[in-house]
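Notes for the structure review
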Amino acid sequence: MIKKILKDPTLFHQKCYIQGEWVNADSNKALDVTNPATGETIGTVPMCCAEETRKAIKAAEEARYEWQAKTAGDRSRIIRRWHDLMMEHQEDLAIIMTAEQGKPMAESRGEIAYAAAFFEWFAEEGKRIYGDVIPQTVQSQRLVVIKQPIGVVAAITPWNFPSAMITRKAGAAIAVGCSIVVKPAKATPYSALAIAELAHRAGIPRGVFNVITGSSSAIGGEMTANPLVRKITFTGSTAVGKKLMRDASDTMKRVSMELGGNAPFIVFDDADLDAAVEGAVVSKYRNTGQTCVCTNRFLVQSGIYDAFCQKLADAVQKMKVGNGLEGETQQGPMIDMAALKKVEEHVADALAKGGRLVTGGKRHALGGSFYEPTVIADATEEMLISTEETFGPLAPVLKFETEDEAIHKANKTEFGLAAYFYTRDMARTWRVGEKLESGMVGINTGLISNPVAPFGGVKESGNGREGSKYGVDDYLEIKYLCMAGI
Ligand SMILES: NC(=O)c1ccc[n+]([C@@H]2O[C@H](COP(=O)([O-])OP(=O)(O)OC[C@H]3O[C@@H](n4cnc5c(N)ncnc54)[C@H](O)[C@@H]3O)[C@@H](O)[C@H]2O)c1
Ligand SMILES: O=C[C@H](O)CS(=O)(=O)O
């Protein structure tokens, strides 16, 4: 029982948080939440539908006026307290996360710090929402631009980063004076509900931050149709993002989409090979390969191809696979059996099309949704890994001869979220960095995510940016005031 291992068991909630109250579904129906490492049921959360969502949106609409009327400084102090509370409870929040998502405790602790950092960042950014005074073209006029909070925001978030994907949105929205209704993934609701508990303790007013669990389609349908919602912010698969974008267009809602990826990781002959392998492990196997910016395919120049494949396999074979709550685990389970089966499909496809298994390639002896970290050499563009997001611990390695060939292969995808390359040639750094069709590029590093930097993609990886000074733009409306008779 998870509550028994928490220092503060009151962080663990099994009800939705709407208008400052902990509530069940109107039907009293609930859905189970399981620990992906053990298959055990951790608890339940309400199976809410459209009616409860309407109540949450109404609560957010009623709450926003008083909240936006506060000074930015007043809002900042409360959000900063929210950050402080997350860090004070980092260990408990990490336990909740690992229990429901499966990632190793070290990664869960890291995500809590990363998630809290968005509150710290936007508590400050919210105080710098400036407007403009435009030099008038008529002497008796004054032309002014102000920025105002967009209003009620609806956020839908994924299971792979159950805290950071919420705070990356809620921090920006709430800092500028919006209110928000969050629907977390069914698999990982408890991290979201713990953030709600700390919102209450921090002094976030009732209705400003709401968390609703239950039917994705019913909740999402109400969020995209309800005219009180002025902004949809979504993090998840491209397929769902496209649906939400279509549905939101009926009421002309603003949307920001953080979607799927198929990141290339290019290693040139002149790269520091050991550094490239270290970066490859981080960018491929973080969260057991279940991050949107994980490398999906490696492109390695022919001169170092064999050495890279062997060094990568040697590093991968040392990784400890296990329950994230135990000891020095470095690779947890896949989130569910469907995710495991997708990895198996991609491995089988690659081997059937000429791939050479260097390490892994099968379910782990632990059973369940555990999979051996895998490296496949002699990968090609004809394989599923070149066109589909694997979202698991599979590293396919393709070979290339020239810089132009590497860039062409890297860009040959409808996605464009993250890309990585290793070289010690400064001129090449600029050439390749500018030519890669990606929202974010890691150069001689496999870890790029940072609250102070703009996170987001191009092409079918989405639109908008989260974090950074750009992260508030999605939650603001620009208003032009034309004053005559001065
Ligand atoms: N770009 C990013 O920042 C980022 C970050 C994390 C994950 N992702 C992407 O998310 C995907 C994995 O996450 P996932 O499996 O949770 O994605 P998903 O799209 O299946 O689900 C994401 C969220 O959408 C909800 N959802 C599903 N169908 C819906 C519907 N019809 N209406 C409303 N909501 C609906 C889910 O319940 C969940 O809360 C991968 O493609 C990954 O690349 C992107
Ligand atoms: O899955 C992608 C998330 O955005 C995680 S991170 O921001 O790259 O840590």
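Scoring rules and cut-offs
- Residues numbered from 1 in each chain as written.
- Chains lettered and ligands numbered in written order.
- Predicted model: local features only at pLDDT ≥ 70, side-chain atom pairs only at ≥ 80, totals over all residues.
- Heavy atoms only, no water.
- Near = heavy atom within 4 Å.
- Polar contact = N/O pair within 3.5 Å; in protein donor to acceptor, adjacent residues only side chain to side chain.
- Areas by Shrake-Rupley, 256 points an atom, 1.4 Å probe, with all protein chains shown as cover.
- Domains from an automatic or database assignment.
- Helix = DSSP H or I, 4+ residues; strand = E, 2+ residues; numbered from the N terminus.
- Buried < 20%, exposed > 50% of the residue type's maximum accessible area, 1.4 Å probe, protein only.
- Pairing = 2+ DSSP bridges.
- Axes fitted to C-alpha atoms, helices over the stretch in contact; angles between N-to-C directions.
- Core = buried A, V, L, I, M, F, W, Y, C linked by side-chain atoms within 4.5 Å.
- Contact = heavy atoms within 4.5 Å.
- UniProt positions renumbered as here; feature names shortened; annotations may be inferred.

1. Some words on the site of ligand 2
As a structural note, the neighbourhood of ligand 2 is formed by Tyr114, Asn160, Phe161, Met165, Arg168, Arg286, Thr291, Cys292, Val293, Ser449 and Phe455. Arg168 is positioned with one of its side-chain polar atoms (N or O) 3.1 Å from an oxygen atom of ligand 2. At 2.9 Å from an oxygen atom of ligand 2 is found a side-chain nitrogen or oxygen belonging to Arg286. Notes on ligand 2: free accessible area 280 Å², of which the protein chains cover 98%. Residue contributions to the shell around ligand 2 reach at least three from each of two domains, namely domain 1 (2-259 + 461-481) and domain 2 (263-443).

2. Things to note about unusual backbone geometry
A positive phi is found at Met252, a non-glycine position, where the angle reads about 50°. Inspection of the secondary structure puts Met252 in the loop between helix H8 (238-248) and strand E11 (254-258). For Met252, a relative accessible area of 65% puts it in the exposed group. With a phi close to 55°, Asn287 is a non-glycine residue in the positive phi region. Position of Asn287 relative to the elements: it lies in the loop between helix H9 (273-285) and strand E13 (295-301). Residue Asn287 is classed as buried on the basis of its relative accessible area of 0%.

3. Description of the sheet that holds strand E5 (residues 132-134)
Pairing in this open sheet of three strands is antiparallel, and the strands run E5-E6-E20 from one edge to the other. Each of the sheet's edge strands pairs with one partner strand only, and the pair in question is E5 and strand E20 (476-483). Shown here is a sheet whose adjacent strand axes are inclined to one another by a mean of 25°, direction ignored.

4. What about the nonpolar core?
The biggest cluster of nonpolar side chains holds 95 residues, and the ones touching the most others in it are Trp82, Met86, Ile174, Ile180, Ile204, Phe209 and Phe308. Both domain 1 (2-259 + 461-481) and domain 2 (263-443) contribute no fewer than three residues apiece to this core. Other than its neighbours up to four places away in sequence, Phe209 contacts Tyr17, Trp82, Ile166, Ala170, Ile174, Ile180, Val182, Ile195, Ala196, Ala199 and Ile204. Listed in part, the 25 residues of the second largest apolar core include Ile335, Ala339, Met383 and Leu394.

5. What to know about the pairing of strand E16 (residues 394-400)
For E16, a buried count of six out of seven residues is recorded, marking the element as mostly surrounded by other parts of the structure. Where strand E15 (residues 374-377) and E16 come together, three bridges link them in parallel fashion. Directly across from Thr374, in E16, lies its bridge partner Leu394.

6. As for the site of ligand 1
Of all residues adjacent to ligand 1, which total 27 residues, the nearest are Thr157, Ser216, Ser237, Leu259 and Glu389. Lys183 is positioned with one of its side-chain polar atoms (N or O) 2.9 Å from an oxygen atom of ligand 1. Gly236 places a polar main-chain atom, nitrogen or oxygen, 3.3 Å from an oxygen atom of ligand 1. In the complex, 86% of the free accessible area of ligand 1, which totals 830 Å², lies under the protein chains. For the shell around ligand 1, the elements supplying multiple residues, two or more each, are helix H5 (164-175), helix H7 (216-225), strand E10 (229-235) and H8.

7. What about the sheet that holds strand E12 (residues 263-267)?
Taken together, the seven strands give an open sheet; going across it, the order is E14-E15-E16-E13-E12-E17-E18, and neighbouring strands pair in mixed fashion. Two strands close off the open sheet at either side, each with one partner strand: strand E14 (356-359) and strand E18 (440-443). Within the sheet, the average angular offset between the axes of one strand and its neighbour, ignoring direction, is 25°. As paired strands, E12 and strand E17 (residues 418-422) are joined by three bridges and run parallel to one another. Paired with Ile266 across the two strands is Phe421, which belongs to E17. Where helix H13 (residues 426-435) meets the sheet, it contacts E17 and E18, and its direction lies at approximately 160° from that of E17.

8. Quick word on the UniProt feature "domain: Aldehyde dehydrogenase" (unreviewed entry) in the chain
Here the UniProt feature "domain: Aldehyde dehydrogenase" (unreviewed entry) sits at residues 22-480. Taken end to end, residues 22-480 has its terminal C-alpha atoms 41 Å apart, with 39% of it in helix and 20% in strand.

9. Some words on the UniProt feature "active site" (unreviewed entry) in the chain
As annotated by UniProt and renumbered to match this structure, "active site" (unreviewed entry) occupies Glu258. We classify Glu258 as buried; its relative accessible area is 3%. For Glu258, the residues in contact, after removing those within four places along its chain, are Arg168, Phe234, Thr235, Gly236, Leu417, Phe455, Gly456, Gly457, Ser461, Gly464, Arg465 and Glu466.

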